[in-house]
Amino acid sequence: NALDDIYPGGVMVTNSLTEYDLIGADAVFVLLGIFADNTVIAPGSETPITDYIASGGNVYMEGGDMWVYDPQFQGAYDFGPEFGITGVADGTGDLTQVVGQGFLEGYNWNYSGENNWIDQLDPANGNAFTVFRNEQVGYNCGIAHDPGNYKTIGSSFELAGLGGNN
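Conventions used here
Residues numbered from 1 in each chain as written. Predicted model: local features only at pLDDT ≥ 70, side-chain atom pairs only at ≥ 80, totals over all residues. Heavy atoms only, no water. Helix = DSSP H or I, 4+ residues; strand = E, 2+ residues; numbered from the N terminus. Contact = heavy atoms within 4.5 Å. Buried < 20%, exposed > 50% of the residue type's maximum accessible area, 1.4 Å probe, protein only. Phe/Tyr/Trp six-rings, centres within 6.5 Å; stacked < 30°, edge-to-face > 60°. Lys, Arg positive; Asp, Glu negative; His and termini not counted. Salt bridge = Lys/Arg side-chain N within 4 Å of Asp/Glu carboxyl O. Arc of directions from axis to C-beta. Pairing = 2+ DSSP bridges. Right-handed = clockwise from strand over helix to strand, strands pointing away.

Visitor: I keep staring at the overall build of the protein chain and nothing clicks. Help me out?
Guide: Secondary structure summary: the protein chain contains 4 helices and 10 strands in total. The helix and strand sequence of the protein chain, counted from the amino end, reads α-β-α-β-α-α-β-β-β-β-β-β-β-β. Dimensions of the protein chain, computed from the C-alpha atoms along their principal axes, are close to 40 × 40 × 35 Å. Pairs at least 24 residues apart make up 65% of the contacts formed inside the protein chain by residues separated by at least 6 positions.

This is the structure:
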């Protein structure tokens, strides 16, 4: 509904990466879920997203296990290089507060979304920077990446789980 307000009549929702041609879209949001209700993207299935990124696309991608656990232990495609993300550790269910960093500095949210195995993240290069942090426990949970020809944000929690006045 929030995206419909920004792009009236222009939001498409799907459960398949291949249902629509992503090239030319203003932005793509990929919501992979949190364990035990998450989707794992196998190598070979990532092409619609990586092709879209290579064409200059903007992607927001979230998933609790997709940055550390899934690539290391489930054979999932590792999106870390495209998103400027280094997966530090497979986390726990300890996320209750999210604090904005970088261009989100000064914002802060309560978190009430799914909360299992929230991966801990770090920026992987000079074009990547932290935008979401779990201050209470001391790890990053969202990284923005802008190498100049495309932009991404990767997070390890559900954006829809953020609440509060911000």
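So much for the structure itself; the text now carries on.
Visitor: Would you mind showing me how to read the environment of Ser-112 here?
Guide: Here Ser-112 shows up in the loop between strand S5 (108-111) and strand S6 (120-123). The class of Ser-112 is exposed, set by a relative accessible area of 68%. In this structure the C-alpha to C-alpha distance between Ser-112 and Ala-36, which are 76 residues apart in sequence, comes to 16 Å.

Visitor: Which parts of the structure should I look at to understand the packing of aromatic side chains?
Guide: Any pair of aromatic rings gets described here by the distance separating the centres and the angle formed by the planes. Applying the stated criterion across every chain yields a total of 10 aromatic pairs. The interplanar angle of 35 degrees and the centroid separation of 5.1 Å between the aromatic rings of Tyr-69 and Phe-73 together place this pair among those described as tilted. Of this pair, Tyr-69 and Phe-73 are both found in helix H3 (residues 69-73), 4 residues apart, which corresponds to roughly one turn of the helix. Judged by relative accessible area, Tyr-69 falls into the partly exposed class, the value being 28%. Looking at Phe-73, the relative accessible area reads 54%, which means it is exposed. What links up through ring pairs into an aromatic cluster is the set Tyr-107, Trp-109, Tyr-111, Phe-132 and Phe-157.

Visitor: Sorry if this is basic, but what is going on with the side chain of Glu-82 here?
Guide: With respect to the element layout, Glu-82 can be found in helix H4 (residues 80-83). Although Glu-82 is buried, it forms no salt bridge, and the closest oppositely charged side chain is Lys-151 at an N-O distance of 18 Å.

Visitor: Would you mind going over helix H2 (residues 47-54) with me for this structure?
Guide: Each α-helix winds once per 3.6 residues, and so residues spaced three or four apart point in a common direction. If you check which residues of H2 are buried, you get Ile-49, Thr-50, Tyr-52 and Ile-53. The buried residues of H2 occupy an angular sector of 160 degrees when projected down its axis, which confines them to one face. Among the structural elements, strand S1 (28-31), strand S2 (58-62), H4 and strand S9 (151-155) are those in contact with the buried residues of H2. Just downstream of H2 lies Gly-56, where phi reads positive at about 100 degrees.

Visitor: When you look at the pairing of S2 in this model, what are you seeing that I'm missing?
Guide: In the case of a regular strand, side chains alternate between the two sheet surfaces. Counting buried residues in S2 gives 4 out of 5 residues, a clear majority hidden from the surface. Here S1 runs beside S2; their pairing, made up of 4 bridges, is parallel. By the bridge assignment for S2, Leu-31 is matched with Glu-62. For the crossover from S1 across H2 to S2, the handedness is right-handed. One ladder, built from 5 bridges, connects S2 with S9; its direction is parallel. Looking across to S9, one finds that Glu-62 is bridged to Ser-155.

Visitor: For this particular structure, what's the right way to read the pairing of strand S7 (residues 128-134)?
Guide: With 5 of 7 residues buried, S7 is to be regarded as a mostly interior element. The pairing of strand S4 (residues 97-100) with S7 spans 2 bridges and is classified as antiparallel. For Gly-100, the partnering residue across the bridge sits in S7 and is Phe-132. In this structure, S7 lies alongside strand S8 (residues 139-145), joined through 6 bridges in antiparallel fashion. Residue pairing in the sheet places Arg-133 in a bridge with Asn-140 of S8. Counted along the chain from S7 to the antiparallel partner S8, the turn is 4 residues long, and its residue Gly-138 has a positive phi close to 90 degrees.

Spatial relationships are all this shows, so hold off on functional conclusions.
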